[in-house]
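Understanding the architecture of this molecule
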Amino acid sequence: MNHSASWRSRLLYYGQWLLPGHLLTNLAGALALSRVAWFKNLSIRLFIRRFKVDLDEAMYRDPGQYQSFNAFFTRTLKPGARSQDSDPRALIAPCDGEITAAGTLGEGLLIQAKGYKYPLGALLAGDDGEVQGFLGGEYLTIYLAPRDYHRVHMPLAGRLLLTRHIPGRLFSVHPESVAAVPNIYTRNERLYCRFALPQSDHQWGLVLVGALLVAGLETIWAGRCQPARRIACRERFAPAVTLQRGMEMARFNYGSTVILLIPPGTVRWRGGLEPGRRLRTGEALGWLNA
């Protein structure tokens, strides 16, 4: 527990230990999939009002056009709503959201929040082989707030080498929780994906972190990942899956976090990528080195 955390954060910390996270998440998932018209329309309207959701870029602006709350939450955008950087060597933002941490992996540690660091090995389920490939590289942590667009896109082209579904708890990843709960990203259920750049030795990784009320996440190659209990990690090698930069690769069924992992010497980053910076899917974060 971060001793400098506010009393509100302390309550969030201790309260979440007592919550039946998976039970609440399963219930939320069932309600989010309901197609009862009055219920899903009311839920969507209340959510829009509570989180000030802007639907100007959405494919559909009328709540009645969504079959369920989940369909609204994972909504698609109108064509052209996100412009992808035209430079073929650009590394682009994989999602809308706010940068909460960024830095180097010289010692294999990532910043979670002020006063907290956590080991990359724990994030990747204790796999030293995976960690070695990223030591000396960089990471970028992006928080997707409830109002954000919740589809995740490829920041670089890639051939899928590994997916690993890592079981865990379901703490909220709201910034107040992140500031209060140590090792929150290594405690939460998550999905780790490692890709190789086409016709290159360079590899990169993406960690999709689940959270309280995240009723599963979906990848385009495996469909929905059901919430995992404390069982062994589920791992799958899938060398036949190749996706181009900017293509959708996954979606969250509620707000959560994406952690981008880049090996050393791979990318020249642009300036200004600091905590608090808002990102939009498709904007350039940096450029591949030759």
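A brief structural summary.

Quick notes on the rules
- Residues numbered from 1 in each chain as written.
- Predicted model: local features only at pLDDT ≥ 70, side-chain atom pairs only at ≥ 80, totals over all residues.
- Heavy atoms only, no water.
- Phe/Tyr/Trp six-rings, centres within 6.5 Å; stacked < 30°, edge-to-face > 60°.
- Helix = DSSP H or I, 4+ residues; strand = E, 2+ residues; numbered from the N terminus.
- Buried < 20%, exposed > 50% of the residue type's maximum accessible area, 1.4 Å probe, protein only.
- Lys NZ or Arg CZ within 6 Å of the ring centre and 35° of its normal.
- Expected span 1.5 Å × (residues − 1).
- Contact = heavy atoms within 4.5 Å.
- Pairing = 2+ DSSP bridges.
- Axes fitted to C-alpha atoms, helices over the stretch in contact; angles between N-to-C directions.
- Patch = residues over 30% accessible without salt bridge, like charges linked within 9 Å, V, L, I, M, F, W, Y side chains within 5 Å.
- Areas by Shrake-Rupley, 256 points an atom, 1.4 Å probe, with all protein chains shown as cover.
- Salt bridge = Lys/Arg side-chain N within 4 Å of Asp/Glu carboxyl O.

All right, on to the packing of aromatic side chains then. Taken as a whole and judged by the stated rule, the model has twelve aromatic pairs. Residues Phe69 and Phe73 carry aromatic rings whose centres are separated by 6.2 Å and whose planes lie at 25 degrees to one another, so their mutual orientation is stacked. Of this pair, Phe69 and Phe73 both sit in helix H4 (residues 69–73), separated by four residues, roughly a single helical turn. Phe69 sits in the buried class, given a relative accessible area of 13%. Taken together, Phe47, Phe51, Tyr60, Tyr66, Phe69, Phe72 and Phe73 form an aromatic cluster joined through their ring pairs. Above the plane of the ring of Phe51 lies Arg50, whose end atom (NZ or CZ) is 4.8 Å from the centre. Over the aromatic face of Phe72 sits the side chain of Arg75, whose NZ or CZ is 4.8 Å from the ring centroid.

In this model, helix H3 (residues 37–51) (15 residues) spans 21 Å end to end at C-alpha, consistent with the 21 Å of a helix rising 1.5 Å per residue. Residues of H3 that are buried make contact with H4.

Remark on secondary structure: sheet strands pair via backbone hydrogen bonds, oriented parallel or antiparallel. Read across the open sheet, the three strands follow the order E1-E18-E16; overall the sheet is antiparallel. Of all the strands in the sheet, just strand E1 (90–92) and strand E16 (267–269) have a single pairing partner and so form its edges. Recorded for the sheet is a direction-independent mean angle of 35 degrees between the axes of neighbouring strands.

As a further point, take a nonpolar patch on the surface. On the surface, Val36, Trp38, Leu42 and Leu46 cluster together into a nonpolar patch covering about 420 Å² of accessible area. The residue Leu42 is located in helix H3 in this model. Overall, Leu42 belongs to the partly exposed group, its relative accessible area being 42%.

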